[in-house]
Amino acid sequence: MLKVIDGGVCAAKGFKASGVHCGIRHNRTKKDLALIYSENIATAAAVYTTNLVKGAPLIVTKEHLTNGKAQAVICNSGNANTCNANGVEIAKRMCEMLSKNLKVASDDVVVASTGVIGQPLNIGAIESGIPELVENLSENGGSDAAEAIMTTDLAKKEVAVEFTLGGKICRMGGIAKGSGMIHPNMATMLVFITTDACISSEMLSKALKSDIQNTFNMISIDGDTSTNDMVTVLANGMAGNDEINADGEDYKTFMTALNSITVSLCRMIAGDGEGATKLLECAVEGAKDEKTAKTVAKSVICSSLTKAAMFGADANWGRVLCAIGYSGADVDVNKIDVSFQSIKGSIQVCKNGAGVEFSEEIAKTILLEKEIVIAVNLNSGDYSSKAWGCDLTYDYVKINGDYRT
């Protein structure tokens, strides 16, 4: 049984974290450098953006994780270190400087950056900030690290759970950043997950790659796939459970814990989309296969017109049907039912592919809430899927109209 607990990435035994302002951001009130550290070498796994243009830190991290091991994560915000001629050199230098101060091997460091693309990264600021970053490491530092990786995010994103493996209490926690430039096949997000469970690097990688297909790859804020997306998991084994090295009940339990962390972070990311006022969830059921369910859910969540309608609390269900129709999914449009749901209730707006009479007043009351479910029943099978996004607002354009300047 899972139990939600406090602590974020420091909830698991043996993990410490910190976050400081080192000077990458001009605003001194905003932390811009984060560190996560494990007392023991941890097994590690990561997944990366599918964008052909990749940030230099991803290249270095991928090289460091070839042995499936890591002990620390360093991440800066305010600058993506992408499309810079010396980007890889700077990312490696960050690892080397941390290695010197923290006494860990430089190739056991995961390095990440987020922020503006194509601008030189001031390595001097990072160098001056690392001693304080290391000095501030604390078992209570998860929240500071969560703050330091934020860019246009309005809220820190952290979560942790407790679970049992082979009679041993295990913990898992995560932090994330992500607000804009988010689209399926990884989004402009960075996610760092820690656990004290003992699991082989092979099974950890398998778990992560499997999980993201139904979580982080099912988010869309604005249709843009970023250059610096990465999800990393570190498992240091300090809970003392028998190593998970094959499929079985312990692996299933681990997957359940991981999924609880990733779904929570997905919802936080989607609800904090740039300019967003509402978290949207498209819940598809009755699909003939999993691919169809996912395709439909993604298409609805990605629809700019649907997102705009939700911003205006307009029960324009035709936009949902339109998004399903151009999704490429093989569906019978004459069987589709659509309802809008929130804490204020549920209202059916479409049955068998056609409109039904409904109260616009009640629909508006439902759609004025902060969390909206667009429920789609394809009535053609037993498969289901969910995707997450947000409404499309005036503020999204304002934020991105002068993002760089």
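Residues numbered from 1 in each chain as written. Predicted model: local features only at pLDDT ≥ 70, side-chain atom pairs only at ≥ 80, totals over all residues. Heavy atoms only, no water.

Hey, could you run me through the overall build of the protein in this one?
When helices and strands are tallied, the protein shows 11 helices and 16 strands. Taking 405 residues into account, the globule formula puts the C-alpha radius of gyration at 22 Å, and the protein, at 22 Å, falls close to it. Seen along its three principal axes, the alpha-carbon backbone of the protein occupies a region of about 70 × 55 × 35 Å. Across the protein, the fraction of contacts at a sequence separation of at least 24, relative to all contacts at a separation of at least 6, is 80%. Counting 38 positive and 47 negative side-chain charges, the protein places the averaged centre of each group 2 Å from the other. (Helix = DSSP H or I, 4+ residues; strand = E, 2+ residues; numbered from the N terminus. Rg over C-alpha atoms; globule rule 2.2 N^0.38 Å. Contact = heavy atoms within 4.5 Å. Lys, Arg positive; Asp, Glu negative; His and termini not counted. Charge placed at Lys NZ, Arg CZ, Asp CG, Glu CD.)

In this structure, what is going on with the nonpolar core? I would like to understand it.
The biggest cluster of nonpolar side chains holds 71 residues, and the ones touching the most others in it are Met172, Phe216, Phe340 and Val376. When residues in this core are grouped by element, the largest group, 10 residues, is from helix α6 (residues 249–271). Setting aside residues up to four positions removed in sequence, valine 376 forms contacts with Cys282, Ala283, Val284, Glu285, Val296, Val320, Ile324, Ile336, Asp337 and Val338. Among the nonpolar cores identified, the runner-up in size contains 27 residues, and Cys10, Ala42, Cys75 and Leu234 belong to it. (Core = buried A, V, L, I, M, F, W, Y, C linked by side-chain atoms within 4.5 Å. Buried < 20%, exposed > 50% of the residue type's maximum accessible area, 1.4 Å probe, protein only.)

I tried to follow the sheet that holds strand β9 (residues 219–220) on my own but got confused; where do I start?
Two strands in a sheet stick together by hydrogen bonds in their backbones, pointing the same way (parallel) or opposite ways (antiparallel). Strand order across the open sheet formed by seven strands is β9-β16-β11-β15-β12-β13-β14, with mixed pairing between neighbours. This sheet does not close on itself; its edge strands, each paired only once, are β9 and β14 (354–355). Here strand β12 (residues 337–342) runs beside strand β13 (residues 345–351); their pairing, made up of five bridges, is antiparallel. Among the inter-strand pairings, phenylalanine 340 is bridged to a residue of β13, identified as isoleucine 347. The sheet contacts of α6 involve β9, β11 (279–287), β15 (371–377) and β16 (383–390), and relative to β16 the element is tilted by about 40 degrees. (Pairing = 2+ DSSP bridges. Axes fitted to C-alpha atoms, helices over the stretch in contact; angles between N-to-C directions.)

Would you explain the packing of helix α7 (residues 290–302) against helix α9 (residues 317–325) in this entry?
Two measures define how a pair of helices packs: the angle their axes make with one another and the distance between the axes. With their axes 8 Å apart at the nearest point, α7 and α9 run at an angle of 130 degrees to one another. Considering the angle they form, α7 stands oblique to α9. Considering how the two elements wind past one another, α7 and α9 form a crossing that is right-handed. Only Val320, Ala323 and Ile324 of α9 make contact with α7, whose side of the interface consists of Val296, Ser299 and Val300. (Parallel < 35°, antiparallel > 145°, perpendicular 65-115°, else oblique. Left-handed = near helix turned anticlockwise from the far one by under 90°.)

What is the right way to look at the packing of aromatic side chains in this model?
Think of a pair of aromatic rings as described by two things: how far the centres are apart, and how the planes are tilted against each other in angle. Taken as a whole, this structure holds one aromatic pair when the rule is applied. A centroid spacing of 5.2 Å and a plane angle of 90 degrees characterise the contact between phenylalanine 311 and tyrosine 394, whose relative ring orientation is edge-to-face. Taken together, the positions of phenylalanine 311 in helix α8 (residues 304–311) and tyrosine 394 in helix α11 (residues 394–401) put the pair 83 residues apart, joining distant regions of the chain. Overall, the relative accessible area of 27% leaves phenylalanine 311 in the partly exposed class. A relative accessible area of 62% means that tyrosine 394 is categorised as exposed. (Phe/Tyr/Trp six-rings, centres within 6.5 Å; stacked < 30°, edge-to-face > 60°.)

Can you help me understand α7 in this one?
Along an α-helix, residues three or four positions apart point the same way, because every turn accommodates 3.6 residues. Helix length check: α7 (13 residues) gives 18 Å between terminal C-alpha atoms against 18 Å at 1.5 Å per residue, within 8%. Buried within α7 we find Thr292, Ala293, Lys294, Val296, Ala297, Ser299, Val300 and Ile301. (Expected span 1.5 Å × (residues − 1).)

When you look at the side chain of lysine 177 in this model, what are you seeing that I'm missing?
In this fold, lysine 177 is placed in strand β7 (residues 168–177). With no salt bridge to any partner, buried lysine 177 finds its closest opposite charge in aspartate 153, at an N-O distance of 4.4 Å. Here threonine 151 takes part through its side chain, which lies 3.1 Å from a polar atom of the side chain of lysine 177. (Salt bridge = Lys/Arg side-chain N within 4 Å of Asp/Glu carboxyl O. Polar contact = N/O pair within 3.5 Å; in protein donor to acceptor, adjacent residues only side chain to side chain.)

Could you clarify how one ought to interpret the pattern of salt bridges in this entry?
Where charged atoms from two side chains of opposite charge approach closely, those side chains can pair. In total, this model carries 14 salt bridges according to the counting rule given. Between lysine 294 and glutamate 290 there is a salt bridge, and its shortest N-O distance comes to 3.9 Å. With lysine 294 and glutamate 290 both in helix α7 and four residues apart, the pair spans about one turn of that helix. Residue glutamate 290 is classed as partly exposed on the basis of its relative accessible area of 39%. With a closest N to O distance of 3.2 Å, glutamate 369 and lysine 344 form a salt bridge. Here the residue glutamate 369 occupies a position in the loop between α10 (360–367) and β15, and lysine 344 occupies one in the loop between β12 and β13, the gap between them amounting to 25 residues. Since its relative accessible area comes to 17%, glutamate 369 is described here as buried.

Even after reading the chapter, I still don't get the state of the cysteines, so can you show me in this structure?
Here a disulfide denotes one covalent bond, and it connects the sulfur atoms of two cysteines. Counted by the stated rule, this structure contains zero disulfides. The cysteine cysteine 83 is free of any disulfide, with cysteine 75 supplying the nearest cysteine sulfur at 17 Å. No disulfide involves cysteine 390; its sulfur sits 11 Å from the nearest other cysteine sulfur, which is in cysteine 302. (Disulfide = S-S within 2.5 Å.)

By themselves, these are just geometric observations and shouldn't be taken as functional.
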